[in-house]
Every structure is written in C-alpha cells, then in structure tokens.
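# Observations on chain architecture
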Amino acid sequence: MIPKIKVGFFLRFVGFLSLAFMLLSSSMRGQEQDSSSLFNREEKRFVQSASLTAAFVFTGAFMGDGVLRTWNLENQGSFGDTFFRYSNRLGDKKLVLSLNAALMATGYLADRPGLFNTSWNAAKSIVSMALITEGLKRGLGRARPYTEKGPRHFNPFPPNRHAFKSLPSGHASLAFAFFTPFAEKYSRWIYLLPASTAFARVYKDKHWVSDVVLGSTIGFLTGYFFQHKNQHLEVGLNGVTIYF
C-alpha cells in the first residue's frame, strides 16, 4: 500500500513554515544595520514580505489545487498550447545551464564584470536551489496531477519515480533561480520569463498550482540572496572552507 499524508498534517507543516517565517522576520527587524549584515534594511523587509506572502499563497493554492486543475483543463486552447510549449523550455536544465555558461564566458572574455558576476551568482543560485528542491521532491513524494490520484496523495521517498516528485516544481525553481539575478541586475521585466515557465507547468498538467508557487519561491529567494548579499558566507566541511 502506498502511504498517504493527510491534509491536516500538511497544513500543520505549512503553518509551521509560516511561523518560522514570522519568527525570522521578527529577529531580522531587531538586528541593527551594519557592515556584517547580509542585507540592508530595505532588502530585509522585501525578503520578509515576499516569504510571508508566498507562504500564504501556497497555503491557499494547496487547498484549491483540485479546483484550479479542473478549471485549467477546461480552458485550454491552441494559443496556450503553442505559447506554453516554448515557455516550458525556459525551465529545461540543458538550456538553462548552457545559456548561463555562455553568459558567464561572454562576461569574462568581453571584460564585463557585471555580466560575469551576475552569471556566477545565477550559478550559485542554481546549485543551492537544486539541493533544496530535490530534497523536498524526494521527501514529500507528491503525486503529479496526471496520475489522477488527487492533490492530497503523497508517497514519501519514492524509489526515484518521476510521477511522485511533483512538489515543488523543478522547472519553476530552476527558471527563477537562473533569471532572478539578471532581473535584479538589469530589469525586473525579466521576471515575466520564469513566471511563464511556472504557468506552463500547470497548463501542461505536470504540476499542481501549489507546486509552482513553492518552486518559484525557492528559486526566487536563492537568486535574490546571491545577487544581493553584501558579504561572503563561509561553510566549513572537515577542515575545508567553502566561500559563497
């Protein structure tokens, strides 16, 4: 028998995340702004607001996933089929990694430190996002919409079964992790690109709405973090220090 997680358990989990975000916000507000702070005061407030908003939007989307999927399937057409077929590719690993490598090489060879540094931040964001997203996918094991098992079906730690790795959306996470540093550096209109990828995953019935909300949030926060932090982070691993 495939184990299932009841909705009450999951909502308590979401409530815990929301509480954690609020405690984080409170602690960050209490800190003085100084040179050792990762973000300035305005950036802290923005991250706090974005995180709390995402937590509540995710909760609402999770509760309405079934209804939202039905509406989506009943309102598709030729334009959406064509548009989302292309926007879906913006979350493809091969395309994103190749594009970021090309931008990084261009920045280095053309002596454009702004482009190089932004691409490097995107690379760090992608790696961090991948670790978080894959861990959640395997740990939660949520069934994808097309399995017809419903939005409340979870199979924790599935044996690498693609059909049970719906939450969070990897395409949405990757797209936002990659594009966020560039959007923050050059133009926030760029956010339309990863947003279209998130919509595509729902439109193509690959993910529930809450999947792409959580995935987009993870990708955005990792991208924003590496683009805006004002000091290096040090992580020690058995005598080896890694700088971010």
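Notes on the structure in this doc start here. None of these values were measured; they are calculated from a predicted model. (Residues numbered from 1 in each chain as written. Predicted model: local features only at pLDDT ≥ 70, side-chain atom pairs only at ≥ 80, totals over all residues. Heavy atoms only, no water.)

Relative to the helices and strands, asparagine 100 is located in helix α5 (residues 93-109). Apart from the residues within four sequence positions on either side, asparagine 100 is in contact with Ser119, Ala122, Ala123, Phe178 and Phe182. (Helix = DSSP H or I, 4+ residues; strand = E, 2+ residues; numbered from the N terminus. Contact = heavy atoms within 4.5 Å.)

For the structure on display, the rule yields 1 cavity of 30 Å³ or more. In this structure, the largest cavity encloses a volume near 30 Å³. Among the residues forming the lining of the largest cavity, the class breakdown is 4 nonpolar, 2 polar and 2 charged. (1 Å grid on protein atoms, 1.4 Å probe; cavity = no way out; pocket = protein on both sides within 12 Å on 5 of 7 lines; lining within 4 Å. Points joined across faces, edges and corners; volume = space filled by probe spheres on them. Nonpolar A, V, L, I, M, F, W, Y, C, P; charged D, E, K, R; others polar.)

This next bit is on the packing of aromatic side chains. How two aromatic rings sit relative to each other is given by the distance of their centres and the angle of their planes. Scanning the entire structure with this criterion turns up 15 aromatic pairs. An angle of 35° between the planes, with centres 6.4 Å apart, marks the rings of phenylalanine 62 and phenylalanine 154 as tilted. A residue pair is termed long-range when its members are at least 10 positions apart, and phenylalanine 62 in helix α2 (residues 41-63) and phenylalanine 154 in the loop between α6 (113-140) and α7 (170-185) qualify at 92 residues. Both residues of the pair, phenylalanine 62 and phenylalanine 154, count as buried. Joined through ring pairs, the aromatic side chains of Phe46, Phe176, Tyr191, Phe220 and Tyr224 make up one cluster. The ring centre of phenylalanine 62 lies 4.6 Å from the NZ or CZ of arginine 152, which sits over that ring. Arginine 188 extends its terminal NZ or CZ atom over the ring of phenylalanine 46, reaching a point 5.8 Å from the ring centre. (Phe/Tyr/Trp six-rings, centres within 6.5 Å; stacked < 30°, edge-to-face > 60°. Buried < 20%, exposed > 50% of the residue type's maximum accessible area, 1.4 Å probe, protein only. Lys NZ or Arg CZ within 6 Å of the ring centre and 35° of its normal.)

According to the stated counting rule, one finds 7 salt bridges in the structure shown. Its salt-bridge partner being glutamate 184, residue arginine 188 comes within 2.8 Å of it at the nearest N-O pair. Given a relative accessible area of 14%, glutamate 184 falls into the buried group. One salt-bridge network, in which partners are shared between bridges, spans Asp65, Arg142 and Asp211. (Salt bridge = Lys/Arg side-chain N within 4 Å of Asp/Glu carboxyl O.)

With that settled, the discussion passes to the layout of surface pockets. Within this model, the second largest pocket holds a volume of roughly 580 Å³. As for the second largest pocket, its lining consists of 24 residues, and the residues nearest its centre are Ala198, Phe199, Val209, Val212 and Val213. Residue assignment for the lining of the second largest pocket shows that the elements contributing at least two residues are α2, α3 (65-74), α8 (192-203) and α9 (209-228). Counting residues per element, the lining of the second largest pocket draws most heavily on α9, at 7 residues. Residue composition of the lining of the second largest pocket, by class: 17 nonpolar, 7 polar and no charged.

In terms of nonpolar packing, the biggest core is built from 12 residues, these being Val96, Leu115, Ala122, Ile126, Met129, Leu174, Ala175, Ala177, Phe178, Phe179, Phe182 and Ile218. Secondary-structure elements contributing two or more residues to this core are α6 and α7. Filtering out sequence-adjacent residues up to four positions away, phenylalanine 178 remains in contact with Val96, Leu99, Asn100, Leu103, Ala122 and Ile126. Judged by nonpolar contacts, the second largest core, of 7 residues, contains Phe58, Ala61, Phe62 and Phe154. (Core = buried A, V, L, I, M, F, W, Y, C linked by side-chain atoms within 4.5 Å.)

With 28 residues, α6 extends 40 Å from end C-alpha to end C-alpha; this agrees with the ideal 40 Å at 1.5 Å per step. Following α6 by one or two positions, glycine 141 adopts a phi angle in the positive range, close to 60°. (Expected span 1.5 Å × (residues − 1).)

In short, geometric facts, not functional conclusions.
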